[in-house]
Amino acid sequence: METHPILVVGSGPAGLEAARSVAELGHRVVLVERSLALGGAPIAENYAALTPDLDDAETAMNRMIEAVRTDPLVDIRTSTTVVATSGQAPELAVTMKGPKGEDSLTVGAVILCTGFQHFDPGRETQLYGYYEHDDVITLVDAERMLKAHQFVRPSTGQPPRRVCFIQCVGSRDRQIGNTWCSKVCCGIACKEAIEIRQLVPDCEVFVFYIDMRTYGFWEDQVYWRAQEEYKVSFIRGIVTEVTKRGDTVVVKGEDTTMGRPVEVPMDVVILSVGMEPSVGTREMAKLFDLPLEPHGYIATVGGPLNPVATARPGIFAAGAATGPADLEDSISMAGAAAVKAAGFLRKGLRKAG
Ligand SMILES: Cc1cc2nc3c(=O)[nH]c(=O)nc-3n(C[C@H](O)[C@H](O)[C@H](O)COP(=O)(O)OP(=O)(O)OC[C@H]3O[C@@H](n4cnc5c(N)ncnc54)[C@H](O)[C@@H]3O)c2cc1C
Ligand code: SF4
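Summary of the structure given here. This is a predicted model, so every value here is computed, not measured. (Residues numbered from 1 in each chain as written. Chains lettered and ligands numbered in written order. Predicted model: local features only at pLDDT ≥ 70, side-chain atom pairs only at ≥ 80, totals over all residues. Heavy atoms only, no water.)

With that settled, the discussion passes to unusual backbone geometry. Here the bond from threonine 51 into proline 52 is cis, since omega is 5 degrees, no more than 30 degrees from zero. A cis geometry characterises the amide bond from alanine 89 onward to proline 90, with omega recorded as 10 degrees. Along the chain, the position of proline 90 falls in the loop between β6 (81-88) and β7 (91-98). Within the chain, lysine 231 stands out as a residue other than glycine whose phi angle is a positive 55 degrees. (Helix = DSSP H or I, 4+ residues; strand = E, 2+ residues; numbered from the N terminus.)

Structure representation (structure tokens):
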């Protein structure tokens, strides 16, 4: 007896892997993506090289996209999202809205992979002058330049002489309610620091941090490599303000190792912005009637031994929709969610048979 297809919402790394794995298990998949292009943040935000291996992001993502595009079991719907649901998995009715209007179908299980969005460093509590100074940029803006193999001061178009990163912008900040560590930004800053030193060897690069969190193998792969091989300077400190003085941007704060105030001119300041649950994640949680965990991401209920089960049977979540996640986390969760979703359908078949 044939089952209904499995719906995967979101086509970032997690959604692509979930769709590919479900199809590999022999089930039909409907993959729904609200934007025009597949690939999630690495494609939409023009990532350059991926941490930790410095693989070209577009090439790596295109391999994942190709795998789902060429699989006849995957029905891809871009510029589409889910606008209504009724019933329960494995007989869950969903209405989707796409370029040709609304379409309804019944799905057997759902995997939500709706991802994250970057923290907006222009919020009122942020004194970094992101929207005031051209030479204050984010990790994401830097990725765009690095992808083009050209790292310059935005205000002049010339190579910079001094660049610094400011860590934990929009993360680990109780004042704004984002208490979590975004997990990837320390590693990404180290990776970008290496890429800047490769492109502009004369440029000095500094990283202002509260504490560096390059967990697991990233410690060797990017942190020590940045420090020892690429001579990036790491300064433990708290930056309180970024202002403009003449041609340069001035970073003010405290060096907490030396216990003294610092005030250093920079050509470019890069804000290591953290992750927040995407609007799509919050919308889908509401639509599928799923509780959020206290930080606003989709709550998973299986604890560390089953990180993809949600409060509703047959509905699973994976990747950065469930909390800060790197690619490895996102892909691993997506594979687990695909197996659980397929298992959910097969259990239903066994009962029916
Ligand atoms: C600057 C930066 C660089 C990074 N570089 C690396 C790196 O080098 N290595 C690494 O391991 N990690 C990196 N990361 C983390 C990495 O981006 C995430 O781990 C990964 O993108 C999470 O994948 P995802 O599929 O869960 O979410 P996303 O990539 O956010 O994809 C979610 C997708 O869902 C879609 N969507 C959302 N809502 C809906 C909806 N309602 N309906 C339909 N579609 C919807 C979105 O359009 C998007 O395509 C980086 C993060 C940042 C901030
Ligand atoms: S990964 Fe690093 S920069 Fe990002 S929130 Fe955690 S400690 Fe801060």
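This part is about the layout of surface pockets. Sizing a probe to match a water molecule and rolling it over the atoms shows the empty space that remains. Taken as a whole, the second largest pocket encloses approximately 390 Å³ of empty space. Surrounding the second largest pocket, 19 residues form its lining, Tyr128, Cys168, Asp173, Ile238 and Val239 being those nearest its centre. Counting residues per element, the ones that place at least two in the lining of the second largest pocket are β12 (162-169) and β14 (233-245). In the lining of the second largest pocket, the residues fall into nine nonpolar, eight polar and two charged. (1 Å grid on protein atoms, 1.4 Å probe; cavity = no way out; pocket = protein on both sides within 12 Å on 5 of 7 lines; lining within 4 Å. Points joined across faces, edges and corners; volume = space filled by probe spheres on them. Nonpolar A, V, L, I, M, F, W, Y, C, P; charged D, E, K, R; others polar.)

A few words now on empty space enclosed by the protein. If you walk through the whole model with that rule in mind, you get one cavity of 30 Å³ or more. As a volume, the largest cavity reaches approximately 70 Å³. Forming the boundary of the largest cavity are Cys168, Ser171, Arg172, Cys181, Ser182, Lys183, Val184, Cys185, Cys186, Asp211 and Arg213. Of the residues assigned to the lining of the largest cavity, the class counts are five nonpolar, two polar and four charged.

Here we take up the sheet that holds β14. Strand order across the open sheet formed by seven strands is β11-β17-β12-β13-β14-β15-β16, with mixed pairing between neighbours. For this open sheet the edge positions go to β11 (136-138) and β16 (260-266), each flanked by a neighbour on one side alone. With direction set aside, neighbouring strand axes in the sheet form an average angle of 35 degrees. When β14 meets strand β15 (residues 248-255), the two strands line up antiparallel, connected through eight bridges. Across the sheet, glycine 237 pairs through a bridge with aspartate 255, a residue of β15. Most of the contacts of helix α4 (residues 139-147) go to β11, to which it runs at about 85 degrees, and overall it touches β11, β12 and β17 (268-273). (Pairing = 2+ DSSP bridges. Axes fitted to C-alpha atoms, helices over the stretch in contact; angles between N-to-C directions. Contact = heavy atoms within 4.5 Å.)

Turning our eyes to something else, we now look at the pattern of salt bridges. Counted under the stated rule, the structure contains 18 salt bridges. Between arginine 34 and glutamate 283 there is a salt bridge, with the nearest N and O atoms lying 2.7 Å from each other. Taken as a pair, arginine 34 in the loop between β2 (29-32) and α2 (40-44) and glutamate 283 in helix α7 (residues 279-287) lie far apart in primary sequence, 249 residues in all. Residue classification places glutamate 283 among the partly exposed residues on the basis of a relative accessible area of 36%. Glutamate 204 is the salt-bridge partner of arginine 162, the closest N and O atoms lying 3.3 Å from each other. Here arginine 162 is found in strand β12, whereas its partner glutamate 204 is found in strand β13 (residues 204-209), with 42 residues between them in sequence. The exposure class of arginine 162 is partly exposed, given its relative accessible area of 24%. Three or more residues joined by partner-sharing salt bridges are found here, namely Asp135, Arg153, Arg161 and Asp267. (Salt bridge = Lys/Arg side-chain N within 4 Å of Asp/Glu carboxyl O. Buried < 20%, exposed > 50% of the residue type's maximum accessible area, 1.4 Å probe, protein only.)

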